[in-house]
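Chains, contacts and geometry: an overview
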Amino acid sequence: MSGHNSYLTGNQLTSESSDEPIIEALQQGVRVIELDLWPSSTKDGGIKVVHGRTLTTPVSLTRCLESIKKSAFVKSDFPMILTLEDHLTSKLQANFAEMATQIFGKMLYFPQTDSLTEFPSPESLKNRIIISTKPPKEYPQSDSITSPVSNGSESSEEEPWGQELPDSMTKLKIDDKNASDEDEEDIIINTCDNKPNQQGSRQYKHLITIHGGKSKGSLKDRLRVDGNLRRLSLSEKKLKSASESHGADLIRFTQKHILRVYPKGERVKSSNFRPHLGWMYGAQMVAFNMQGYGKSLRLMQGMFRANGGCGYVKKPEFLMRNLPREEEFDPKRTLPAKQILKVKVYKGDGWKSDFSPTHFDLFSPPDFYTKMCIVGVPADCNKKKTSVKMDNWYPVWDEEFEFPLTVPELALLRIEVKDKDQTKDDFAGQTCLPVSELRHGFRSVPLYDQKGRKFKSVKLLMRFQLEDFI
């Protein structure tokens, strides 16, 4: 379960930065936290955490690291990955290395070699913090007037944040090509104040377990399987394009390397994309704005209810095995149905306890109905809904629905209850469940609010049956 710009409290342009969203994300089971590191004139190692070139406010790096240490393993003891979007000089990279080592102590994992042949298993790294970013370039000592900036953005503080924003926010268009998010090539700052620190670069590089890759060459070149283990970052737009033209290459790449997908730059309100496109092609890190909410975030929460909510879910075998080309998995291909999911909705309860008498309608009880949909490969996506039970706080439907599934391993069942209205139907609860972990038989299914917080009393009585398709 992966976060994007984990320190922001709201939108991507003007909100405050804080350690509170980081703590909240970790308490929800998020296992990948992202920090943007920029030079600072204040203390704290000369480093601040902020969404650069925007109007967001910074937060102390020390505060973020200490909060991560305190909350990293509250929800799950599986490894926490700290992804860095690094805009630092080599001297400041050395400062970060010293701060991380001092604050995290034995929690911090140091890789034993610069060139891993395979990534360590999550089981072997329980209660450890691992770092993922692009390693710094190491320059000859004679290059005394240049210094690398790791992830492709100038770190000069003389550029005020928001300089690139137009006066009118309504006309704002954010460039999707976020250089540092995409692991772009280094930019060299020609300044005598930023001399290379070879020892500092080595200290910083020694911390990095998951190396960010480079973006040079064609997409086909970037998805090559050979070479050292690495992480490749793609925006949601580029993932969509890649899935249409290089779907098999994506899956083969993720069988050895790590693919990270992040929201496009236009999502200034911290909205999210549909995560299934990444999961269908094996992406391990589908990075989300956890401070937002909506249907996409509910899908993320639903997927990671699996495996005990530990923040890690094992990919299906067909996404991990190296198969002959004719047998390779293609999400766009329509396969024969493997299983059929039977869902029966009996009744609902708890709204009168959790909502005011006039929340849904001023003068009458609510008119509830239940919507269900399968989210997965395109062939499996399907929607159903019950009848509307008029004027009833305790609706009884007693209705059954069937969903044929070609790839049940990737299917999620999304459930939502609404109050029928003449204009816009009112939200009355939701949940999202991984089909692969549904327990058969009669179940009391708790519902959640729009932000994913469980209601105290609202539940549905349902029955689930998953049968092999004959």
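Residues numbered from 1 in each chain as written. Predicted model: local features only at pLDDT ≥ 70, side-chain atom pairs only at ≥ 80, totals over all residues. Heavy atoms only, no water.

Description of the pairing of strand β2 (residues 32-39)
Of all eight residues making up β2, eight are buried, and the element is well covered by its neighbours. Because side chains alternate across β2, one face comprises the buried residues Val-32, Glu-34, Asp-36 and Trp-38, and the other comprises Ile-33, Leu-35, Leu-37 and Pro-39, equally buried. With six bridges connecting them, β2 and strand β5 (residues 80-86) associate as parallel partners. Residue pairing across strands places Leu-35 opposite Leu-84, the latter belonging to β5. With three bridges joining them, β2 and strand β3 (residues 47-49) adopt antiparallel strand pairing. Looking at the pairing, Trp-38 lines up with Lys-48 of β3. (Buried < 20%, exposed > 50% of the residue type's maximum accessible area, 1.4 Å probe, protein only. Helix = DSSP H or I, 4+ residues; strand = E, 2+ residues; numbered from the N terminus. Pairing = 2+ DSSP bridges.)

Overview of the side chain of Asp-449
Structurally, Asp-449 is set in the loop between β19 (441-448) and β20 (454-468). Polar contacts involving the side chain of Asp-449 include one to the main-chain amide nitrogen of Arg-453, which spans 2.8 Å. If sequence neighbours within four positions are ignored, Asp-449 has contacts with Phe-427, Gln-430 and Phe-455. (Polar contact = N/O pair within 3.5 Å; in protein donor to acceptor, adjacent residues only side chain to side chain. Contact = heavy atoms within 4.5 Å.)

Brief notes about the confidence of the model for the chain
The predicted model of the chain has a mean per-residue pLDDT of 87, with 86% of residues at 70 or higher. Residue range residues 184-193 is modelled with pLDDT below 50. Its contacts to residues more than four positions away, or to other chains, number 34 contacts. (pLDDT = per-residue confidence, 0-100.)

With respect to the nonpolar core
One finds Ile-33, Leu-35, Ile-68, Leu-82 and Phe-96 to be the most contacted residues of the largest nonpolar core, which totals 69 residues. In this view, Ile-68 contacts Ile-22, Leu-26, Ile-33, Leu-35, Met-80, Leu-82, Phe-104 and Ile-129; residues no more than four positions away in its chain are not counted. Membership of the second largest hydrophobic core comes to 31 residues, among which are Phe-355, Met-372, Trp-393 and Ala-411. (Core = buried A, V, L, I, M, F, W, Y, C linked by side-chain atoms within 4.5 Å.)

Section: the pattern of salt bridges
Applying the stated criterion to the full structure yields 20 salt bridges. Where Glu-244 meets Lys-240, a salt bridge forms, and the shortest distance between an N and an O atom there is 2.8 Å. With a gap of four residues between them, Glu-244 and Lys-240 both fall in helix α6 (residues 236-245), about one helical turn apart. A residue is classified by how much of its surface remains accessible, and Lys-240, at 45% relative accessible area, is partly exposed. (Salt bridge = Lys/Arg side-chain N within 4 Å of Asp/Glu carboxyl O.)

Digging into helix α4 (residues 198-207)
An α-helical turn contains 3.6 residues, so any two residues separated by three or four positions project in the same direction. Within α4, burial applies to Gln-198, Gly-200, Ser-201, Tyr-204 and Leu-207. Taken together, the buried residues of α4 touch β5, α3 (90-104), β6 (129-133) and β9 (208-211).

Observations regarding the state of the cysteines
Counted under the stated rule, the structure contains zero disulfides. With no disulfide of its own, Cys-373 lies 7.7 Å from the sulfur of Cys-432, the closest cysteine sulfur. Taking the relative accessible area as the measure of exposure, Cys-373 reaches 7% and is therefore buried. (Disulfide = S-S within 2.5 Å.)

As for the packing of aromatic side chains
Enumeration according to the criterion identifies 11 aromatic pairs in this entry. An angle of 70° between the planes, with centres 5.3 Å apart, marks the rings of Phe-273 and Phe-288 as edge-to-face. Here Phe-288 lies in strand β12 (residues 285-288) and Phe-273 lies in the loop between β11 (258-262) and α8 (276-280), a separation of 15 residues in the sequence. Judged by relative accessible area, which is 5%, Phe-273 ranks as buried. Since its relative accessible area comes to 0%, Phe-288 is described here as buried. (Phe/Tyr/Trp six-rings, centres within 6.5 Å; stacked < 30°, edge-to-face > 60°.)

Remarks on the pairing of strand β16 (residues 396-405)
Burial of the side chains of β16 is restricted to one face: Trp-397, Glu-399, Phe-401, Phe-403 and Leu-405 are buried, whereas none of Val-396, Asp-398, Glu-400, Glu-402 and Pro-404 on the reverse face is. One ladder, built from eight bridges, connects strand β13 (residues 339-349) with β16; its direction is antiparallel. Within the sheet, the bridge partner assigned to Lys-347 lies in β16 and is Val-396.

Considerations on the packing of helix α1 (residues 20-27) against helix α2 (residues 61-71)
Relative to each other, α1 and α2 sit at 20°, their axes nearing to 9 Å. With respect to α2, the element α1 is oriented roughly parallel. The two elements α1 and α2 meet at a crossing, and its hand is right-handed. Residues Ile-22, Ile-23 and Leu-26 of α1 pack against Cys-64, Ser-67, Ile-68 and Ser-71 of α2. Tallied by class, residues from the contact of α1 with α2 come to five nonpolar, two polar and no charged. (Axes fitted to C-alpha atoms, helices over the stretch in contact; angles between N-to-C directions. Parallel < 35°, antiparallel > 145°, perpendicular 65-115°, else oblique. Left-handed = near helix turned anticlockwise from the far one by under 90°. Nonpolar A, V, L, I, M, F, W, Y, C, P; charged D, E, K, R; others polar.)

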